[in-house]
Amino acid sequence: MRNAENKPTPLAYGYAENGLLHTELQWAQMDEACFAKTIGADLVDFAYIDDGSLYAVILEISSLCRGLAEKQASADDIARAVLEKCEPVLRVNLYFSVYLMSFLDFLFDGTIDERVFPGASRAERRLRKAARDAQNADVMEVIDLIFEACQSKRKLAETALRAIYEAEAGDDLSPLERYYRREHEDVLFQKQFHATFTVKLGRRATGDRSVTQLTALDTVDDLLRYELFLLVTQGRRYKFCKNCGKPFIPAGRSDAVYCDRVMDGADKPCSKIGAYRTDVKKVEADPVLNAYRMAYRRMHKNMEYGGLEEDAFHRWKDEAAQKRDRCKAGELSAEEFLAWLDGTSRRR
């Protein structure tokens, strides 16, 4: 994209406020592509989550376009259907969105956004070559090249986070001190992550009258460097999820031990799975809770099979919960509670 002066438009403008990184991508296909996440959350997710989901989405969109084209749908109808399909995905992760948008650019007008592929890697060189002959380009090859470039950038982000946050033996530096040392003593790190940014005053978002200091982020590299810098200087230290083992930035409570990602093969986020497993372990370790759970199941099944009316089940459930709480508080002995559970839940 270029502005009225024929100069490249920055890929995004960003600013940090109240622990959040606000980013507005400058993308021709959408009037507004704004993100607001906890500082570092998108970067850490990008570095450590499975990027196969991005590949699957791109393949699905390609198939959708091909199907609509075979039905002789208009270009506007195809664009509308694709953007509608992409809308939920574009909000998941800032960096995945950038690469997904670049694929849509190629689909819609045969261009490759050099702000997303500014380097000289094999994938980036071949993508620019494909754009020069878009009519004859192999779409599957373009998809593979975009994915390869995304993987390379993802690994770069992971390398940076490990270098700054994972201390070696005898290293008692803070992440900020480690970042400073790397930037001044590590030539490769300096080449990959040193950046200077242009700042200006501007609107917080399209249509917003309030003004703040905006940082121009010319390329995807600048996007990554800016969030890394903010994470080190303003953000929270990331944690390792006790369910999937991958790093995450707590979005709510600072003492959170589970992330909110939905891992491959799961239908619930780690926060839900982890809480359930914790509850199961508590029940297994506590004979009173285990007995309460088993009695609850018996009564519920009895209701399902018609042996107990729903009102009676709910009255039992409320009384059982009260007695459970009294037992936990020491107001009712375990023996009395277990005897009551056995006597009430096993009646025919």
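Structure shown above.
First, a word on what this report is: a plain description of the structure on this page.

Conventions adopted
Residues numbered from 1 in each chain as written. Predicted model: local features only at pLDDT ≥ 70, side-chain atom pairs only at ≥ 80, totals over all residues. Heavy atoms only, no water. Salt bridge = Lys/Arg side-chain N within 4 Å of Asp/Glu carboxyl O. Helix = DSSP H or I, 4+ residues; strand = E, 2+ residues; numbered from the N terminus. Buried < 20%, exposed > 50% of the residue type's maximum accessible area, 1.4 Å probe, protein only. Contact = heavy atoms within 4.5 Å. Pairing = 2+ DSSP bridges. Axes fitted to C-alpha atoms, helices over the stretch in contact; angles between N-to-C directions. Core = buried A, V, L, I, M, F, W, Y, C linked by side-chain atoms within 4.5 Å. Phe/Tyr/Trp six-rings, centres within 6.5 Å; stacked < 30°, edge-to-face > 60°.

Observations regarding the pattern of salt bridges
At step 1: Under the defined criterion, the tally for this structure stands at 13 salt bridges.
At step 2: Of the charged contacts in the structure, one is a salt bridge between E148 and R122, with a shortest N-O distance of 2.4 Å. Here the residue E148 occupies a position in helix α6 (residues 139-165), and R122 occupies one in helix α5 (residues 122-132), the gap between them amounting to 26 residues.
At step 3: Among the residues examined, E148 registers a relative accessible area of 28% and is labelled partly exposed.
At step 4: The class of R122 is partly exposed, set by a relative accessible area of 37%.

So, the environment of V139
At step 1: As for its position among the elements, V139 is in helix α6.
At step 2: Residue V139 is classed as partly exposed on the basis of its relative accessible area, which comes to 30%.
At step 3: In contact with V139, other than residues within four places in its own chain, are S62 and F103.

Side note on the sheet that holds strand β2 (residues 20-25)
At step 1: Read from one edge to the other, the open sheet built from five strands follows the order β3-β2-β1-β5-β4, with strand pairing classed as antiparallel. Because the sheet does not close on itself, it has two edges, and the strands there are β3 (33-38) and β4 (198-203). Each strand of the sheet is rotated relative to its neighbour by a mean of 30°, with strand direction disregarded.
At step 2: Direction of pairing for β2 relative to β3: antiparallel, over a ladder of six bridges. Looking at the pairing, L21 lines up with K37 of β3.

Thoughts on the environment of A334
At step 1: Tracing the backbone shows A334 in helix α13 (residues 334-345).
At step 2: Between the alpha carbons of A334 and V288 there is a distance of 6.7 Å; along the sequence they are 46 residues apart.
At step 3: Setting aside chain neighbours within four positions, we find A334 in contact with V288 and C327.

Quick look at the nonpolar core
At step 1: One finds L25, I61, Y99 and L161 to be the most contacted residues of the largest nonpolar core, which totals 68 residues.
At step 2: No other element matches the 13 residues that α6 contributes to this core.
At step 3: In contact with L161, other than residues within four places in its own chain, are L43, V44, A47, Y48, E166, L228, L231 and Y238.

Examining the environment of F313
At step 1: When you line up the elements, F313 lands in helix α12 (residues 310-328).
At step 2: Each C-alpha atom, one on F313 and one on H300, is 7.1 Å from the other, the two residues being 13 residues apart in sequence.
At step 3: What F313 contacts, discounting residues up to four positions off in sequence, is Y296, M299, H300, M303 and L308.

Overview of the packing of aromatic side chains
At step 1: Tallied over the full model, the rule gives 11 aromatic pairs.
At step 2: Arranged with centres 5.8 Å apart and planes meeting at 85°, the rings of F46 and F96 form a pair that is edge-to-face. Here F46, found in helix α1 (residues 41-48), pairs with F96, found in helix α4 (residues 94-109); they are 50 residues apart in sequence, far enough to count as distant. Taken as a pair, F46 and F96 share a single burial class, namely buried.
At step 3: Measuring from centroid to centroid gives 5.6 Å for F197 and Y226, while their planes differ by 75°, and the two rings are edge-to-face. Here the residue F197 occupies a position in the loop between α8 (187-193) and β4, and Y226 occupies one in helix α9 (residues 220-233), the gap between them amounting to 29 residues.

Things to note about the side chain of S62
At step 1: Relative to the helices and strands, S62 is located in helix α2 (residues 52-70).
At step 2: Given the relative accessible area of 7%, S62 is considered buried.

Notes on the side chain of D222
At step 1: By the element assignment, D222 lies in helix α9.
At step 2: A relative accessible area of 10% places D222 in the buried class.
At step 3: Look past the residues within four positions of D222 in its chain and what remains in contact with it is A195, F197 and L217.

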